[in-house]
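Coordinates in review
One-letter residues, chain by chain:
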Amino acid sequence: MKTALLPDGLIRTLAGQALAFVVALSLGAVIILMIDESPIAVFMTLMRGAFGDAEKIAGTLLQTTPILICGIAACIGLRGGMFNVGIEGQLFLGGFAAAWVGFAFALPPFVHIIVAVACAILAGAAWVAIPAYFRVRYGTNEVVSTILANYIAVLLTSYFTIFLFKRPGGWSETPPILPTAYLPELFSFSRLNIGLLIGLFLAIATAAFFRWASAGYAATMVGSAPKFAEYGGINVRKVGFSVLLASGAVGGLAGGIETLGVHHRFMEGFAPGFGFDGLIAALLANGSPIGTIFTALFFGALRAGSLLLEVDTTASREIITVIQALIILAVSADLMMRRRGDRTGERRWKF
Amino acid sequence: MKNFTQILAAGVVLAASAMPSFAAEKVNVAAISGYFAQGFGVSIVEGLNKAKADFGIDLKLVDTGNRALDYEEQFSNLAKTGEYDLIFVMGWELVDALQKVSAAYPNQRFVFIDGVLDSDKIIYASFAEEQGSFIAGALAALVENLGPEFDKIGDGKAIGFVGGRDIPVIRNFLGGYEQGAKYAVPDVKVNSVFAGTFDDPAKGSELAMALYGQGTDIVYNVAGPTGEGVMQASAAADKYSLGVDVDMCSSAPGNVLASMLKRGDIAVYSIIKDEVEGKAVKPGVRTFDLASGGVEVKLCEDVAAKLPAEIPAKLEEIRKEVVDGKIAITKAK
């Protein structure tokens, strides 16, 4: 009987992942040497920028939050055999929906947050519903359709922002949301808010769902062996659709938390790339929501550290993007090698 | 040999005499923006690099990237140590982070380029758009006045203006443009329209086409990205356009008459120069005008070659009169 919160083969997975990180970081060090910086100095600055003092740690956690929640969205999809690459778009629509509720309606303090967050979740789910329908009805590849939906989402929210809801004067952004819709901040010195706690709770809840709930087991079966699941009496289409919808809902939530907790308004192009960062964090964690907490923290720390890196050294912040890309390459190589080991023919994505 | 020693000696004397006038400490400057690689941002980087070469200042450029989440930390990382005498900021999307961090670090001097905000703790570099637009208006009117004799000009005696949104700063451009046109050619007509948006090139193109269709031969674009459509329309209709902010001659070669430049490089250079010379820059608005070279009208070479020589001469004459204060330009408010 499986009762652990973490997936099996943990040691093998962790060893492979660790090796991939070491390879990627060594390659990164070589690149840092090539731009005449000391890898050790760069590393120390990164650490200082990420964990130097309480403010810096809060900054790291602030960066971690959207990556974590997007990562959970990706985990849900991956477990159910659905590659939701459209989290970026769901995040944009969720962010816009939450901001819209935030500035367009006056509601009592607590209710306002609940309604805004609910709208973000609905917007995210609604946005993935179209690709999800085509996926289960006609077998359209959801990777392609969700990626394409991203572009539409980003431009659609730009359109809303610029043409329908633009704040008078200045930059392309909506009016600020009312203070009743602000997510409570955790510390006085940072914009870090309860979004982080929501993310942590969600990660644990998702992991528990896939481990212990029968619906979670059904989804995992549909993801890893759809034919077997169907034979076992599971409505594969219905489960697949629900999985994508849930994934999109969490993606929308990520956007809502960003606008309600951090920016307090929606700006055109407000959070580019978080959806993809989350997907990468989830892939690195091998589809485990608990593991995603750590990979998201790692990426959050890299990003927060890079902000100081750019100020304190001559290295560009983009060196972080390079290191991130190297990690992805190394980890995908590890995944590929593992997959070749046990090819069953059934699985589209093995997690 | 004797000559050489003399030059050398002169150099040493010059350097020595120049030394005391520099501030005791090395001036340390940072600049932060997401646009260092394009348009107006490039000219700011040029100005900063020139200041670095001339005054030996320490210069740190920080690219904000495009994630709004990062801006505030990037500003605090720069301001926290207090090591920078001046931090130049460019880009309206940074305003929020700028105001927050400026309030948190009141002793840090920030220079906001091309705009004025509410805070009185910040230094603002603003440009006298009405003066540059006055010259642009005079140029357009003079060329229009040549009539059908000149390539692509009809006999409508009308020039045009496409603005972004109808806001005071754009009205200021229009006011200068109209006054300049009437000053040069009193009976010229000025047709102006506002697109209502800065982000819609298609609309800019549509409006410019409508103006060209009404017998307007030269259209001044003051509409940001919407204005790209204006430049394209001038090529499509084979008429003339006037660019704004940066040199736009290459956006429709042969159809762009000139560009009204806002010289970000001159603004940052002269602010740093004051700082280096010990005249510490204080919060408040600094306006860069025709006299300081902060705004200027640059003719496009391909079209300028065809213009009769008296037009550039006349423009120079008008420019001098504006600089000397002989022509008073009313600012729109």
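Residues numbered from 1 in each chain as written. Chains lettered and ligands numbered in written order. Predicted model: local features only at pLDDT ≥ 70, side-chain atom pairs only at ≥ 80, totals over all residues.

Structural notes on the overall build of chain B
Heads up, the rule is: The numbering of helices and of strands both runs from the N terminus, where a helix is a DSSP run of H or I of at least 4 residues and a strand a run of E of at least 2. Here the radius of gyration uses the C-alpha set of atoms, whereas the globule reference equals 2.2 Å times the residue count to the power 0.38. Whether a residue is buried, exposed or partly exposed follows from its count of other C-beta atoms within 10 Å of its own C-beta, namely 20 or more, 12 or fewer, or something in between, respectively; the C-beta atoms are built from the backbone. In this description, any two residues whose backbone-derived C-beta atoms lie within 7 Å of each other are considered to be in contact.
A count of helical and extended segments in chain B gives eleven helices and twelve strands. Taking 333 residues into account, the globule formula puts the C-alpha radius of gyration at 20 Å, and chain B, at 22 Å, falls close to it. Across its three principal directions, the C-alpha atoms of chain B cover 65 × 60 × 35 Å. Within chain B, the fraction of its 333 residues that count as buried is 49%. Here the analysis covers contacts within chain B between residues at least 6 apart in sequence; of these, 67% occur between residues at least 24 apart.

With respect to the UniProt feature "domain: ABC transporter substrate-binding protein PnrA-like" (unreviewed entry) in chain B
The condition that has to hold: UniProt positions are given in the numbering used here, feature names are shortened, and annotations may be inferred rather than shown by experiment.
Here, the residues flagged by UniProt with the feature "domain: ABC transporter substrate-binding protein PnrA-like" (unreviewed entry) are residues 38–327 of chain B. Between the first and last C-alpha atoms of residues 38–327 of chain B the distance is 34 Å; the span itself is 44% helix and 22% strand.

A closer look at the domain arrangement of chain B
Selection rule: Domain start and stop positions are those given by an automatic or database domain assignment.
You can read the domains of chain B as domain 1 (2–121) and domain 2 (130–261 + 295–323). Averaged C-alpha coordinates put domain 1 of chain B and domain 2 of chain B at centres separated by 33 Å.

Remarks on unusual backbone geometry
Residue and element names in this part refer to chain B. One non-glycine residue, Lys152, lies in the positive phi region at around 70°. Tracing the sequence through the fold places Lys152 in the loop between α5 (129–144) and β6 (158–163). Residue Asp245 is not a glycine yet carries a positive backbone phi of 75°. Along the chain, Asp245 falls in strand β9 (residues 240–245).

A word on the packing of α5 of chain B against helix α6 (residues 168–184) of chain B
Residue and element names in this part refer to chain B. Threshold: Fitted lines through C-alpha atoms give the axes, limited to the stretch in contact for helices. The angle between two N-to-C directions lies from 0 to 180 degrees. Every angle not falling under 35 degrees, over 145, or within 65 to 115 is termed oblique; those three ranges are roughly parallel, roughly antiparallel and roughly perpendicular. Two helices cross in a left-handed way if the nearer one is turned anticlockwise from the farther one by less than a right angle. They cross in a right-handed way if the turn is clockwise.
Close contact between α5 and α6 brings their axes to 6 Å; oriented N to C, the two are set at 40°. In this view, α5 runs oblique relative to α6, as classed from their interaxial angle. Crossing angle aside, the handedness with which α5 passes α6 is right-handed. Two secondary-structure elements touch here, α5 through Glu129, Glu130, Gln131, Ser133, Phe134, Ile135, Ala136, Gly137, Ala138, Ala140, Ala141 and Leu142 and α6 through Asn172, Phe173, Gly175, Gly176, Tyr177, Glu178, Gln179, Gly180, Ala181, Tyr183 and Ala184.

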